[in-house]
Amino acid sequence: VLPQPSSFRSYSTQPRLSSLVRELGWTHPVIPQSMDIFKQARVGGEVTSHQDSTFLYTTPRQTCLGLWLALDDATLRNGCLWV
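Every residue gets a number counted from 1 within its own chain, in the order that chain's sequence is written. For this predicted model, a pLDDT threshold of at least 70 governs which residues receive local features, and a threshold of 80 or more governs which side-chain atom pairs are given and counted, while totals over whole chains, interfaces and linings are taken from all residues. Heavy atoms from the whole structure form the basis of all side-chain values; hydrogens and water molecules are not counted.

The next subject is the overall build of the chain. Scanning the chain from terminus to terminus reveals three helices and zero strands. Numbering goes from the N terminus for both helices and strands, where a helix is a DSSP run of H or I of at least four residues and a strand is a run of E of at least two. Helices and strands appear in the chain in the N-to-C order α-α-α. Put simply, the chain has 83 residues, and 6% of those count as buried. It only takes one pair of heavy atoms within 4.5 Å for two residues to be counted as in contact. Taking the intrachain contacts of the chain between residues at least 6 apart in sequence as the baseline, contacts between residues at least 24 apart amount to 50%. Total accessible area on the chain is roughly 8000 Å²; 57% of this is exposed by carbon and sulfur atoms. Buried, partly exposed and exposed residues are distinguished by accessible area as a fraction of the type maximum, computed with a 1.4 Å probe on protein chains only: under 20%, between the cut-offs, and over 50%, respectively. Throughout, the Shrake-Rupley method with a 1.4 Å probe supplies accessible areas, and for residues the shown protein chains are the sole cover considered.

Spelled out as structure tokens, the structure:
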């Protein structure tokens, strides 16, 4: 696991996220990677509904969990995730 910048580490290891992951059944979560996506409001095309689980599937048991975390306020006006 490569070291992450301290701002990412402090955000991604905050107690409320750790609690959420544990509530989902993960007992020893680790952060193997991060991905930054810069999406400006009204720029680029629509991303249709999809599931990333196809890319995170592991066998013989599920060992990978993906979380989408907004770093800025996400609203209908600025192009939030819409489910």
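Now that the structure has been shown, we can carry on.
The next subject is the confidence of the model for the chain. As a general rule, the predicted coordinates of low-pLDDT regions are not to be interpreted in detail. Put simply, the chain has an average pLDDT of 78, and 89% of its residues get 70 or more. Per residue, pLDDT captures the predictor's confidence, and it can take any value from 0 to 100. When pLDDT is averaged over each element of the chain, helix H2 (residues 15-23) comes out on top at 90 and helix H3 (residues 53-56) at the bottom at 75.

Here we take up the side chain of Gln14. In this fold, Gln14 is placed in the loop between helix H1 (6-12) and H2. Definition of a polar contact: a pair of N or O atoms within 3.5 Å, with one able to donate and the other able to accept a hydrogen when the atoms are protein atoms, and with sequence-neighbouring residues admitted only if both atoms are side-chain atoms. One polar contact links Gln14 to Arg16, side chain to side chain, over a distance of 2.9 Å.

Another point: unusual backbone geometry. Here the bond from Thr59 into Pro60 is cis, since omega is 10°, no more than 30 degrees from zero. Tracing the chain through its elements places Pro60 in the segment after H3.

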